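Each chain, letter by letter, is given below.
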Amino acid sequence: VTYGGYDDALKVLDQIDSIRGYNEQTAWQRYKIYATLNKVAEAVNEVERYLEYDPENSEFSLLRADLYEYTNQPTEKKILAYEAALKYDSRNLGLLNNLAWCLCISGGDLSRAEQLSRQTILQETTNPIYLDTYAWILYKMGDCDGAWFYIQRAMYNVTEETKKEVTTHYKEIKRKCKK
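Residues numbered from 1 in each chain as written. Predicted model: local features only at pLDDT ≥ 70, side-chain atom pairs only at ≥ 80, totals over all residues. Heavy atoms only, no water.

Right, let's talk about the overall build of the chain for a bit. Across its full length, the chain carries 10 helices and 0 strands. By the compact-globule yardstick of 16 Å for 179 residues, the chain is too spread out, its C-alpha radius of gyration being 20 Å. In terms of overall dimensions, the chain has a C-alpha envelope of 65 × 30 × 25 Å along the principal axes. Long-range pairs, those at least 24 residues apart, make up 46% of the contacts in the chain between residues at least 6 apart in sequence. With the model as given, the accessible surface of the chain reaches about 10300 Å², and the carbon-plus-sulfur share is 48%. (Helix = DSSP H or I, 4+ residues; strand = E, 2+ residues; numbered from the N terminus. Rg over C-alpha atoms; globule rule 2.2 N^0.38 Å. Contact = heavy atoms within 4.5 Å. Areas by Shrake-Rupley, 256 points an atom, 1.4 Å probe, with all protein chains shown as cover.)

Right, let's get into the state of the cysteines. All chains considered together, the criterion is met by 1 disulfide. The residue that forms a disulfide with Cys144 is Cys177, at a sulfur-sulfur distance of 2.2 Å. On the sign convention where negative is left-handed, the bridge of Cys144 and Cys177, at about -70° about the S-S bond, is left-handed. Here Cys177 lies in the segment after helix 10 (163-176) and Cys144 lies in helix 9 (residues 144-156), a separation of 33 residues in the sequence. Of all cysteine sulfurs, the one in Cys102 lies closest to Cys104, which takes part in no disulfide; the gap is 9.8 Å. (Disulfide = S-S within 2.5 Å.)

Another aspect to go through is the nonpolar core. Among the nonpolar cores identified, the biggest contains 51 residues, and Val47, Leu99, Tyr150, Ile151 and Ile173 are the most heavily contacted of them. Ranked by the residues each element gives to this core, the list is headed by helix 6 (residues 93-105), at 9 residues. (Core = buried A, V, L, I, M, F, W, Y, C linked by side-chain atoms within 4.5 Å. Buried < 20%, exposed > 50% of the residue type's maximum accessible area, 1.4 Å probe, protein only.)

To continue, consider the packing of aromatic side chains. Under the criterion given, the structure shown has 10 aromatic pairs. Taking 4.6 Å as the distance between ring centres and 40° as the angle between the ring planes, the aromatic pair formed by Trp136 and Tyr139 counts as tilted. You can see Trp136 and its partner Tyr139 sitting in helix 8 (residues 128-140), 3 residues apart, about one turn around the helix. A single burial state applies to Trp136 and to Tyr139, both of which are buried. (Phe/Tyr/Trp six-rings, centres within 6.5 Å; stacked < 30°, edge-to-face > 60°.)

On to the environment of Glu42. Note on placement: Glu42 falls in helix 3 (residues 40-53). When the C-alpha positions of Glu42 and Arg30 are compared, they lie 8.9 Å apart, and in sequence the two are 12 residues distant.

Residue position: Thr120 is located in helix 7 (residues 110-123). Excluding residues within four positions of it along the chain, Thr120 makes contact with Leu93, Leu96, Asn97 and Tyr130.

Our next topic: the pattern of salt bridges. Taken as a whole, this structure holds 9 salt bridges when the rule is applied. The salt bridge partner of Glu46 is Arg49, with a shortest N-O separation of 3.4 Å. With Glu46 and Arg49 both in helix 3 and 3 residues apart, the pair spans about one turn of that helix. A relative accessible area of 5% means that Glu46 is categorised as buried. Connected through salt bridges with shared partners, the residues Asp14, Asp17 and Arg30 form a single ionic network. (Salt bridge = Lys/Arg side-chain N within 4 Å of Asp/Glu carboxyl O.)

The topology assignment puts Thr71 in the loop between helix 4 (58-70) and helix 5 (75-86). A polar contact is formed between the side chain of Thr71 and the backbone oxygen of Leu67, at a distance of 2.7 Å. (Polar contact = N/O pair within 3.5 Å; in protein donor to acceptor, adjacent residues only side chain to side chain.)

A few words now on the side chain of Asp17. Among the secondary structure elements, Asp17 is positioned in helix 1 (residues 5-20). Exposure remark for Asp17: the relative accessible area of 13% places this residue in the buried category. Within the structure, the side chain of Asp17 is placed 2.7 Å from the side chain of Thr26, a separation counted as a polar contact.

The structure is reproduced here in structure tokens:
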């Protein structure tokens with residue numbers, strides 16, 4: 001399959017890099033072309049490539065975290081990406097929640113997961129995803145009473161988009177904690 005103008009644009013970017021050197025602007029343009037063409041693997045590779053070149057780039061770090069979530073990368077890769085991105089956006093509730101979730105499901109540091117997740121529910125007290133994450137972490141820590149309290153709050157605030165996952169966790173907590 002040929003992509004006409006996009007293939008030509010990628011060749012021009014290669015030429016620019018051969019003259020000026022690889023840089024953020026051409027990496028960003030390549031990423032945008034691959035994303036436009038729905039070449040997700042190439043888009044991810046371009047972001048990773050640029051971060052090898054400039055590991056302290058905040059925009060690419062945040063983009064990598066989003067891409068890893070979107071492409072369902074292995075949990076270990078997500079954890080590293082969230083940790084790197086949080087250096088630049090330490091109050092990003094989505095990053096905090098996703099890192100807490102990954103730590104929880106990977107058997108990571110549950111105490112740290114609980115601390116990260118607690119920050120999200122203190123900021124958004126009715127967000128069913130954040131409440132669900134916090135409840136699940138407490139459940140994994142063996143705190144059935146806390147898990148039951150927060151999963152009930154999540155169920156009370158559930159939306160159509162969040163209903164399936166929250167309900168699954170609600171049933172599991174109810175069953176295991178004998179509520």
